[in-house]
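# A closer look at the structure
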Amino acid sequence: MYRQAHGNRPALRLWAAAALIIGVVLALASAQRPARATLEDSITYTVSQSPAMGAVLQVGQVLAFSVNVTDAPNAYSGPVVFDLRKPANTTYAGFGQQSGNIITACADNTPGAGYVRCTVGAGGSLPSNALTTGGTEIVVNLTVDAAAAGAAYTDNTIQALFSDPGTGFRNSGDAADPVGGGDSIDGSVGGVTVSNILGVSPNITVAASAFPTSLYEGSLSTITVNFSHALGALDATVQPIDVSVTNGDVQAGTVSCPNGTGVPSVAANIARCTGSTVANGSTMSFQVRSRDTSAGDDMVATLIAPSLGLTALEAAGAPAGTANVTVAVSEVGLESASAPPWALGAPISVCTATVFADIVSDSAAGTGQGAGVAGTANLASATPLASSDFTVTGPGGAVASSYLDGSTCGAGQSGVSFTAGTPGSYTVTAGYNGDTTSFATQGVTRGTNVLSLAVQANNPAPAVSGLSPASGTAGGPTFTLTVNGSNFVAGSVVRWNGSDRATTYVSASQLTASINSIDIATAGSATVTVFNPAPGGGASGGSTFTVTGAPNPPTSRFRTRPPAAAPPSPFPSRLRLPPMGSPCSAPFRRPPAMLAAPPSPSR
């Protein structure tokens, strides 16, 4: 065994010599190629976001990610590629190179959906020392989508992949490195919240108000929207802020925006702010004039700002004062000085007045006119409307009228008086507030109210020619009296000694009336007249109805025989009883026969 082992020693020496030679050759070969540092040891990344972690964003605002690429040893000259994973509900909005004269290109949804791939040094090698101390910073902008309202972004990871000339993505197949080690970089990246001012985020609130809160048609009110939050000035502009007004017109040149530009009106009823940063405590305001409506409809101003997470539907359902405000609108009341009907040829007076409900001779809307009447230039002025603020029209067109001041209509009030020449509908129109130069602009810049009056033709004076019957007997029953004559109308009334009686219209020449029995209870006479109502009309002359006395009862031709004398009674007229104690005063005893029981009936 020893010999055998010893005999193998030359072979072992040969194998050891061969191994030594191979090692020397490999060492020499290795010494001839320069060493190259790995990419993970060479390139470093620093990632940050703006606004920083914890910020509250609005829909439409930009969330920017800054990626700083540095190769301090300057050990790499090829393009550097990194992928940025987009937070949910964001859209790629381009990139900006803030430092370094390097060609950079970014592509959305590459290498897959939800990523942005940026290539630093695209189109060729990096310039010498391009990524040395300070490196180059690429800013990737992402816009917050409307779908993100109320969502919290807590995913704070950005994935970075490094390129290698020979194998493509050096780390693409590797397991993830520790945070900051190469594959996954987060730096100062952190979660943010997208606000919804209706309560999803308590950090931003909106308060809408109006002054005055109650006015007449055609008057001005100032709408104010206050923004408050704990974020300071927002970093990006909000696009846009609209306030839509129902039953009102935004006044040009009055829109004031929070650090932005005010548009007089996108439409006649919309105030818009663009480019606003909505700083804490900032205010948007504008003036709006209430429109002339048929019923004094209220104005409603509604804030619509999708970039703040506030849609029209959400705003409409928000509590009053949060995202909308209502301004109560009224019309100046008009009232006829006399109740209908109105007669032809007689003056008809109409005055401004306190009117809280529509009745036959009044016209108002909303809350009605208060103590003061709206003036021609301002709200609730004590100055009455002027003569030029009234117009009167009738069946033939314009109707002449005379102005009535406070001595006729009352303190602070005014009106007009006119005379109707023909039957038909007459309207009195009062214009107030806004442009008073012409009624042609009343539907746009001032308020109006209209009182309509139906003027009837005058009723004729009635005449009575006869009665049927013309007389009756005292004590008779209720009966129907027929009155003949002329100029009777449907509203004619028969009067008995000046008192109305239930009347039936038969024709223009005949009426019937019910006469009560009490009317003819005693003999005498009654005056019957007919009364026609206004306009015109009046009472007729009287016609006499005679009530005769009742006839005496008839007398008999025969004498009445006196009654016969009664025959004398066989009994004394007075029964005398003997005195007590006399022999005749003994007790009365019934005879025995009278005491016997009565015989029983036979069977």
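Small disclaimer: the values here were computed from a predicted structure and weren't measured. (Residues numbered from 1 in each chain as written. Predicted model: local features only at pLDDT ≥ 70, side-chain atom pairs only at ≥ 80, totals over all residues. Heavy atoms only, no water.)

## A few points about the sheet that holds strand β40 (residues 510-515)
Read across the open sheet, the 4 strands follow the order β34-β36-β40-β39; overall the sheet is antiparallel. The open sheet terminates on both sides in strands that have one partner only, identified here as β34 (463-468) and β39 (503-507). Between one strand axis and the next, the sheet turns by 25° as a mean value, whatever way the strands run. As defined by bridge partners, β34 adjoins strand β36 (residues 479-486) across 5 bridges and the pair is classed as antiparallel. The residue of β36 that forms the bridge with Leu-467 is Val-483. (Pairing = 2+ DSSP bridges. Helix = DSSP H or I, 4+ residues; strand = E, 2+ residues; numbered from the N terminus. Axes fitted to C-alpha atoms, helices over the stretch in contact; angles between N-to-C directions.)

## So, the pairing of strand β28 (residues 390-394)
Only one face of β28 is buried: it carries Phe-390, Val-392 and Gly-394, and the other face, with Thr-391 and Thr-393, is open. The pairing of β28 with strand β32 (residues 424-432) spans 4 bridges and is antiparallel. Its bridge partner lying in β32, Val-392 is registered against Val-428. Once β28 ends, the chain turns through 2 residues before running back antiparallel as strand β29 (residues 397-398). (Buried < 20%, exposed > 50% of the residue type's maximum accessible area, 1.4 Å probe, protein only.)

## Some remarks on the packing of aromatic side chains
One pair of aromatic rings is described through two measures. These are the centre distance and the angle between the planes. Under the definition given, this model contains 4 aromatic pairs. Each ring, one from Phe-418 and one from Tyr-426, has its centre 5.8 Å from the other, and the planes form 25°; the classification is stacked. Taking the relative accessible area as the measure of exposure, Tyr-426 reaches 3% and is therefore buried. Three or more aromatic residues joined by ring pairs form one cluster here, namely Phe-479, Trp-496 and Phe-545. For the cation-ring pair, Arg-495 lies above Phe-531, with the distance from its terminal atom to the ring centre recorded as 4.2 Å. (Phe/Tyr/Trp six-rings, centres within 6.5 Å; stacked < 30°, edge-to-face > 60°. Lys NZ or Arg CZ within 6 Å of the ring centre and 35° of its normal.)

## A look at the confidence of the model for the chain
Low-pLDDT stretches of the model should not have their predicted coordinates read in fine detail. In the predicted model, the chain carries a mean pLDDT of 74, and the fraction of residues at 70 or more is 64%. When the criterion is pLDDT under 50, residues 1-7 qualifies, and its contacts beyond four places in sequence or with other chains add up to 1 contact. Segment residues 582-588 is flagged for pLDDT under 50; beyond a separation of four residues in sequence, or across chains, it makes 3 contacts in the model. (pLDDT = per-residue confidence, 0-100. Contact = heavy atoms within 4.5 Å.)

## Some words on unusual backbone geometry
Of the consecutive residues Phe-211 and Pro-212, the connecting peptide bond is found in the cis state with omega at -5°. Mapped onto the secondary structure, Pro-212 falls in the loop between β15 (204-211) and β16 (214-216). Along the chain, Ser-468 connects to Pro-469 via a cis peptide bond; the corresponding omega equals -5°. As for its position among the elements, Pro-469 is in the loop between β34 and β35 (471-473). Unusually for a residue other than glycine, Asn-109 sits at a positive phi of about 55°. Using a relative accessible area of 41% as the deciding quantity, one classes Asn-109 as partly exposed.

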